[in-house]
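Architecture and fold: a report
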Amino acid sequence: MEENKKSAFISKVEEFATSMSEMTSENKTKRGLVILATETPEDSNTTAQEIAIMGNQGQIVRAIAELATQEQTRELVVEGLKLASIKTLMDKLGGGI
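Notes on the structure follow.

1. Re the overall build of the chain
The number of helices and strands found in the chain is 3 helices and 2 strands. Its C-alpha atoms give the chain a radius of gyration of 16 Å, more than 25% over the compact-globule value 13 Å for 97 residues. Viewed in the frame of its principal axes, the chain has a C-alpha envelope of about 45 × 30 × 25 Å. The 97 residues of the chain split such that 16% are buried.

Quick look at the structure:
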């Protein structure tokens, strides 16, 4: 995948994020949305990511808390935090992943 060219998948996620951004700010309803999307094409070592956080901060925090405490998603959060810790340490040591 060319560095500046986005895949159809990542482009669709961006479109979705844009349309949902408008919905999270409608009315006085408290809404929050977190989107995490990632893609590594077969013929590439580069991973494209789309991360979007929008809406009411309190609602977003509640959603993240649910993600971290539900049985079916808790392990994903733990593994993500482990990887983030390793990445942070490697960046501080001048390496990287």
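2. What about the environment of Ile53?
Summarising the element assignment, Ile53 is placed in strand 2 (residues 48–55). Residue classification places Ile53 among the exposed positions, given a relative accessible area of 56%. Sequence separation between Ile53 and Gly32 is 21 residues, and the spatial gap between their C-alpha atoms is 7.7 Å. Apart from residues lying up to four places away in sequence, Ile53 is in contact with Leu33, Val34 and Ile60.

3. Structural notes on the environment of Ala63
Mapped onto the secondary structure, Ala63 falls in helix 2 (residues 57–69). Placed 30 residues apart in sequence, Ala63 and Leu33 show a C-alpha to C-alpha distance of 7.9 Å.

4. A word on helix 2
With 13 residues, helix 2 extends 18 Å between its outermost C-alpha atoms, agreeing within 8% with the 18 Å of an ideal straight helix rising 1.5 Å per residue. Near the N-terminus of helix 2, the side chain that reaches the backbone nitrogen of Gly58, with its oxygen 2.9 Å away, is that of Asn56.

5. Focus: the pattern of salt bridges
By the definition in use, this model includes 2 salt bridges. For Lys6, the salt bridge goes to Glu14, with nearest N and O atoms at 3.0 Å. Note that Glu79 and Lys82 form a salt bridge whose closest N and O atoms lie 3.2 Å from each other. Remark: Lys82 and Glu79 occur in helix 3 (residues 71–92); sequence separation between them is 3 residues, near one turn of the helix. On the basis of relative accessibility, which here comes to 39%, the residue Glu79 falls in the partly exposed class.

6. Thoughts on the side chain of Thr73
Topologically, Thr73 is positioned in helix 3. When sequence neighbours within four positions are dropped, the list of residues in contact with Thr73 reads Glu66 and Leu67.

About the cut-offs
- Residues numbered from 1 in each chain as written.
- Predicted model: local features only at pLDDT ≥ 70, side-chain atom pairs only at ≥ 80, totals over all residues.
- Heavy atoms only, no water.
- Helix = DSSP H or I, 4+ residues; strand = E, 2+ residues; numbered from the N terminus.
- Rg over C-alpha atoms; globule rule 2.2 N^0.38 Å.
- Buried < 20%, exposed > 50% of the residue type's maximum accessible area, 1.4 Å probe, protein only.
- Contact = heavy atoms within 4.5 Å.
- Expected span 1.5 Å × (residues − 1).
- Polar contact = N/O pair within 3.5 Å; in protein donor to acceptor, adjacent residues only side chain to side chain.
- Salt bridge = Lys/Arg side-chain N within 4 Å of Asp/Glu carboxyl O.

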